[in-house]
Amino acid sequence: MLSSHFIDAIHRAGGIPVVLPPYENDAGDQLERIDGLIISGGSDIDPSHYGGEQHPEVYEVDRVRDAGEIALVRLAAERGLPTLGICRGAQMINVALGGSLIEHLPDAVDNSIQHRADPPGAVLHAVHIDAGSRLAEIVGNEVIAPASWHHQAIRTLAPGLVITARAPDGVIEAVELPSHPWLIAVQWHPEMTAVHDPVQQLLFNSLVQGAQLTLEKRRAG
Ligand code: MN
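Everything quoted here is computed from the prediction, not taken from an experiment. (Residues numbered from 1 in each chain as written. Predicted model: local features only at pLDDT ≥ 70, side-chain atom pairs only at ≥ 80, totals over all residues. Heavy atoms only, no water.)

**Comments concerning the packing of helix H3 (residues 63–79) against helix H4 (residues 88–96)**
At step 1: Viewed as axis vectors pointing N to C, H3 and H4 meet at an angle of 70 degrees, and their least axial separation amounts to 9 Å. One finds that H3 runs roughly perpendicular with respect to H4. Regarding H3 and H4, the two cross each other, and that crossing is right-handed. Seen from H3, the contacting residues are Arg 65, Asp 66, Glu 69, Ile 70, Val 73 and Arg 74; seen from H4, they are Arg 88, Met 92, Ile 93 and Ala 96.
At step 2: Tallied by class, residues from the contact of H3 with H4 come to 5 nonpolar, no polar and 5 charged. (Axes fitted to C-alpha atoms, helices over the stretch in contact; angles between N-to-C directions. Helix = DSSP H or I, 4+ residues; strand = E, 2+ residues; numbered from the N terminus. Parallel < 35°, antiparallel > 145°, perpendicular 65-115°, else oblique. Left-handed = near helix turned anticlockwise from the far one by under 90°. Contact = heavy atoms within 4.5 Å. Nonpolar A, V, L, I, M, F, W, Y, C, P; charged D, E, K, R; others polar.)

**Brief notes about the side chain of Gln 201**
At step 1: Among the secondary structure elements, Gln 201 is positioned in helix H7 (residues 198–219).
At step 2: Within the structure, Gln 201 has its side chain in polar contact with the side chain of Arg 12 (distance 3.1 Å).
At step 3: The residues contacting Gln 201, other than those within four sequence positions of it, are Ala 9, Arg 12, Ala 13 and Ala 194. (Polar contact = N/O pair within 3.5 Å; in protein donor to acceptor, adjacent residues only side chain to side chain.)

**Focus: H3**
At step 1: Compared with an ideal rise of 1.5 Å per residue, which puts 17 residues at 24 Å, H3 spans 24 Å between its outermost C-alpha atoms and is within 8% of the ideal.
At step 2: Within H3, burial applies to Arg 65, Asp 66, Gly 68, Glu 69, Ile 70, Ala 71, Leu 72, Val 73, Ala 76 and Ala 77.
At step 3: Among the structural elements, helix H2 (27–32), strand S1 (37–39), strand S2 (83–86), H4 and strand S11 (183–186) are those in contact with the buried residues of H3.
At step 4: Two or three places before Val 64, at the opening of H3, Asp 62 has a side-chain oxygen 3.1 Å from that residue's backbone nitrogen.
At step 5: The first or second residue beyond H3 is Gly 80, which carries a positive phi of 75 degrees. (Expected span 1.5 Å × (residues − 1). Buried < 20%, exposed > 50% of the residue type's maximum accessible area, 1.4 Å probe, protein only.)

**A short note on the pattern of salt bridges**
At step 1: Tallied over the entire structure, the rule returns 6 salt bridges.
At step 2: Arg 88 is the salt-bridge partner of Glu 69, the closest N and O atoms lying 2.9 Å from each other. Here the residue Glu 69 occupies a position in helix H3, and Arg 88 occupies one in helix H4, the gap between them amounting to 19 residues. In this pair, the class of Glu 69 matches that of Arg 88, namely buried.
At step 3: We note a salt bridge from Arg 155 to Glu 103, for which the minimum N-O separation is 2.7 Å. Of the two residues, Arg 155 sits in the loop between strand S8 (153–154) and strand S9 (162–166) while Glu 103 sits in the loop between strand S3 (101–102) and strand S4 (123–124), which places them 52 residues apart along the sequence.
At step 4: Residues joined in a network through salt bridges with shared partners are Arg 65, Asp 66, Glu 69 and Arg 88. (Salt bridge = Lys/Arg side-chain N within 4 Å of Asp/Glu carboxyl O.)

**Notes on the nonpolar core**
At step 1: If you look at the biggest cluster of nonpolar residues, it comprises 28 residues, and the most contacted ones within it are Leu 31, Leu 37 and Met 92.
At step 2: Among the elements that line this core, the one with the most residues is H3, at 6 residues.
At step 3: In contact with Leu 31, other than residues within four places in its own chain, are Leu 37, Leu 72, Leu 75, Ala 76, Arg 79, Leu 81 and Arg 218.
At step 4: Leu 84, Leu 135, Trp 182 and Val 186 belong to the second-largest nonpolar core, a separate cluster that totals 26 residues. (Core = buried A, V, L, I, M, F, W, Y, C linked by side-chain atoms within 4.5 Å.)

**Considerations on the pairing of S2**
At step 1: Alternating positions in S2 separate into two faces, Thr 83 and Gly 85 on one and Leu 84 and Ile 86 on the other, with burial throughout.
At step 2: Alignment of S1 against S2, held across 3 bridges, turns out to be parallel. Its bridge partner being in S2, Ile 38 is matched across the sheet by Leu 84.
At step 3: As for the winding sense of the linkage, the β-α-β connection from S1 through H3 to S2 is right-handed.
At step 4: Pairing analysis gives 4 bridges linking S2 to S11, with the strands arranged parallel. (Pairing = 2+ DSSP bridges. Right-handed = clockwise from strand over helix to strand, strands pointing away.)

**Observations concerning the sheet that holds S2**
At step 1: Spatially, 7 strands are ordered S1-S2-S11-S10-S9-S5-S6 in an open sheet, and the strand pairing comes out mixed. The open sheet terminates on both sides in strands that have one partner only, identified here as S1 and strand S6 (143–144).
At step 2: Along the sheet, H3 makes contact with S1, S2 and S11, crossing S1 at roughly 140 degrees.

**What about the pairing of S9?**
At step 1: Relative to S9, strand S5 (residues 127–129) runs antiparallel, the two sharing 2 bridges. Within the sheet, the bridge partner assigned to His 128 lies in S9 and is Arg 166.
At step 2: The pairing of S9 with strand S10 (residues 172–176) spans 4 bridges and is antiparallel. Pairing of Ile 163 across the sheet is with Val 175, part of S10.
At step 3: What sits between the antiparallel neighbours S9 and S10 is a turn of 5 residues, in which Gly 170 has the positive phi angle 95 degrees.

This is the structure:
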């Protein structure tokens, strides 16, 4: 199951969206047939993948999906395939590349910023983007107000990743991999507001531009 918001955002950017089943053994072949990758939002990653605690607030762990996405992320990083991580996808990129997560944000940060509505839903909060990052180049603004719907976040950063945005409470809201042609991960949900917030649509447009370059390179052999 995948929200049509992700699919519509790629379509608006001029890409052809394809949904991948999460089978670990297929990951290498799947990546040969696509030009860019989104690791989407969803439920929590099994904390055993990052040496974390089986916290009571961790929900709907799916081991098949975890394994499939870990394989996709590692191969996409190795092959230089343009990759956008969104929410769980940002956490997955960090975990797959060797980082860890905060299992439940209210245990780790003050309650000055709401990152998930109660009952669970999306809320808007400010995100401060580091000038000089690729994210800043794409988004063009230093402060944005995207949709947030998460109760976990990055704790320790995977080797090679750099932090490019934070919420006012210090929570890591975006990372990127400078050694890679296009690998950006955001803790918020650009797909939820992209239809009416052009700033959020820019992330998908840039991913599809990166994918177009991949396609051209492949055609040139
Ligand atoms: Mn947030």
